[in-house]
Amino acid sequence: MFKDGKYRYSLGFGGNTEKERRVGELLERLGNRKSSLIVDVLSEYIDKHPELENAHGKIEIKITASPSAHSKEKIEQMVRELVAETIANMQITDNTQTAANSIDADSLDKNIAIMLDNLDQF
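Let me begin by describing the structure that accompanies this report. (Residues numbered from 1 in each chain as written. Predicted model: local features only at pLDDT ≥ 70, side-chain atom pairs only at ≥ 80, totals over all residues. Heavy atoms only, no water.)

## Here's the deal with the pattern of salt bridges
As a working rule, side chains carrying opposite charge can pair if their charged atoms are close by.
So, point 1. Tallying each qualifying case throughout the model produces 2 salt bridges.
So, point 2. Between Arg 21 and Glu 18 there is a salt bridge whose closest N-O contact spans 3.6 Å. Taken together, the residues Arg 21 and Glu 18, both in helix H1 (residues 18–30) and 3 residues apart, mark about one turn of the helix.
So, point 3. The partly exposed category is assigned to Arg 21, whose relative accessible area is 40%.
So, point 4. With a shortest N-O distance of 3.6 Å, Lys 48 and Glu 44 are connected by a salt bridge. In this pair, Lys 48 and Glu 44 both sit in helix H2 (residues 34–48), 4 residues apart, roughly one turn of the helix.
So, point 5. With a relative accessible area of 59%, Lys 48 lands in the exposed category.
So, point 6. On the basis of relative accessibility, which here comes to 47%, the residue Glu 44 falls in the partly exposed class. (Salt bridge = Lys/Arg side-chain N within 4 Å of Asp/Glu carboxyl O. Helix = DSSP H or I, 4+ residues; strand = E, 2+ residues; numbered from the N terminus. Buried < 20%, exposed > 50% of the residue type's maximum accessible area, 1.4 Å probe, protein only.)

What follows is the structure in structure tokens.
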């Protein structure tokens, strides 16, 4: 609400998720200096989504994880699957010696590249 030359809003949200707790704690530490942070953050968001400035009526923003964003559990599952696939392609010749049967350098390089491509998720 714009009143007396200032925009005034009340903001409230739960502390049910880690994201909400982190944001809540930061806002608590900012004390009365929250306004400049909110203006900077929302201004950057509007710059990335200029269609919001031209929207009429109620604006609804839905936040979803990007398709490339994976949870720690999902990344661990992917690594386990790659390792299991590699092991499945190995043949044990005796108790002390293991030889790669059908694993060629290209296949191994491909699996390693897949794992390395997902490292940025950590």
